[in-house]
Amino acid sequence: VDMLPEFRQGPASEREWLSSLDTEVYVPIFAKKEWIGMLALGAKASGNRYTDDDLNVLTTLANQTAVALENARLVENLIRLNQELRQAYQALDQANRNLERLDQTKSDFISIASHELRTPLTVLRGYTEMLLEDPAIKENRYLYQTSEGIHKGTLRLHEIMDSMFDIAQIDARTLELSW
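How each quantity is defined
- Residues numbered from 1 in each chain as written.
- Predicted model: local features only at pLDDT ≥ 70, side-chain atom pairs only at ≥ 80, totals over all residues.
- Heavy atoms only, no water.
- pLDDT = per-residue confidence, 0-100.
- Helix = DSSP H or I, 4+ residues; strand = E, 2+ residues; numbered from the N terminus.
- Contact = heavy atoms within 4.5 Å.
- Axes fitted to C-alpha atoms, helices over the stretch in contact; angles between N-to-C directions.
- Parallel < 35°, antiparallel > 145°, perpendicular 65-115°, else oblique.
- Left-handed = near helix turned anticlockwise from the far one by under 90°.
- Nonpolar A, V, L, I, M, F, W, Y, C, P; charged D, E, K, R; others polar.
- Buried < 20%, exposed > 50% of the residue type's maximum accessible area, 1.4 Å probe, protein only.
- Pairing = 2+ DSSP bridges.
- Salt bridge = Lys/Arg side-chain N within 4 Å of Asp/Glu carboxyl O.

## Digging into the confidence of the model for the protein chain
Part 1 of the argument: Taken residue by residue, the protein chain gives an average pLDDT of 87. The fraction at 70 or more is 97%.
Part 2 of the argument: Across the protein chain, the element-wise mean pLDDT spans from 68 in helix α1 (residues 5-8) up to 93 in helix α4 (residues 135-139).

## Regarding the environment of Ile110
Part 1 of the argument: Mapped onto the elements, Ile110 comes out in helix α3 (residues 52-133).
Part 2 of the argument: In this structure, the C-alpha to C-alpha distance between Ile110 and Leu131, residues 21 residues apart in sequence, is 31 Å.
Part 3 of the argument: Those residues in contact with Ile110, other than ones at most four positions away along the chain, are Met164, Ile167 and Ala168.

## Topic: the packing of α3 against helix α5 (residues 141-171)
Part 1 of the argument: Between α3 and α5, the shortest axis-to-axis distance is 8 Å and the interhelical angle comes to 155 degrees. One element, α3, and the other, α5, form an angle in the roughly antiparallel class. Crossing hand, α3 versus α5: left-handed.
Part 2 of the argument: Taken together, the residues that form the contact of α3 with α5 break down as 16 nonpolar, nine polar and seven charged.

## As for the environment of Leu132
Part 1 of the argument: Looking at where Leu132 falls in the secondary structure, it is placed in helix α3.
Part 2 of the argument: Spatially, the C-alpha atoms of Leu132 and Thr146 are 9.6 Å apart, while their sequence positions differ by 14 residues.

## A few points about the pairing of strand β1 (residues 25-31)
Part 1 of the argument: Most of β1 sits inside the fold, with six of its seven residues counted as buried.
Part 2 of the argument: Pairing between β1 and strand β2 (residues 34-41): seven bridges, direction antiparallel. Counterpart to Phe30 in the pairing with β2 is Trp35.
Part 3 of the argument: If you look at the hairpin formed by β1 and β2, you'll find two residues sitting between the two strands, and Lys32 has a positive phi there, around 55 degrees.

## Some points on unusual backbone geometry
Part 1 of the argument: Backbone geometry places Lys32, a non-glycine residue, at a positive phi of 55 degrees.
Part 2 of the argument: Within the fold, Lys32 resides in the loop between β1 and β2.
Part 3 of the argument: For Lys32, a relative accessible area of 66% translates into the label exposed.
Part 4 of the argument: The residue Lys33 is not glycine, and still its phi comes out positive at about 60 degrees.

## Thoughts on the side chain of His158
Part 1 of the argument: For His158, the location among the structural elements is in helix α5.
Part 2 of the argument: Residues contacting His158, with those up to four places away along its chain left out, are Leu121, Thr122 and Arg125.

## Structural notes on the pattern of salt bridges
Part 1 of the argument: Enumeration over the complete set of coordinates arrives at nine salt bridges.
Part 2 of the argument: The closest approach of N and O atoms between Arg97 and Asp93, which form a salt bridge, is 2.5 Å. On the criterion of helical spacing, the pair formed by Arg97 and Asp93 is a turn pair, its members being four residues apart in helix α3.
Part 3 of the argument: Using a relative accessible area of 30% as the deciding quantity, one classes Asp93 as partly exposed.
Part 4 of the argument: Shared partners join several salt bridges into a network, and the residues in it are Lys32, Glu70 and Arg73.

The structure is reproduced here in structure tokens:
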């Protein structure tokens with residue numbers, strides 16, 4: 001810390017605190033150009049001073065410590081991301097089950113509606129055809145146009161019901177093609 005110029009410019013309170021630790025060597029630990037820690041070593045048991053080789057080894061140790069700490073952070077982030085991914089997958093799976101249930105409900109509705117409405121529509125169609133053939137209706141232009149309008153609407157509803165029935169068969173995978 002005393003040798004590197006960037007540390008000599010530090011606040012006096014920090015330098016005093018470091019001096020109060022009664023250590024001989026401080027080796028900063030940097031990761032991504034940020035100071036994330038420090039190795040603080042006391043005097044050697046032999047009483048000898050730290051050599052340049054000792055300081056090089058300590059610098060390498062600090063660099064390896066920075067790599068290890070960064071890897072630990074990355075692993076922690078990876079674990080967190082995996083948990084989030086699992087939660088998202090569970091939510092997606094639940095949404096998929098809900099969609100399948102809605103699709104089945106839709107298919108059931110179309111099937112029931114197309115089946116249940118066919119009979120009354122067939123009856124309505126038959127009666128409107130009878131009205132259109134009745135000579136008294138043919139003579140009255142207003143009644144004939146009204147009956148004709150009802151008949152056309154009935155035919156259109158019948159086409160819609162046939163389409164719904166086809167959709168129900170497609171959903172149930174029971175539709176057979178006639179070549």
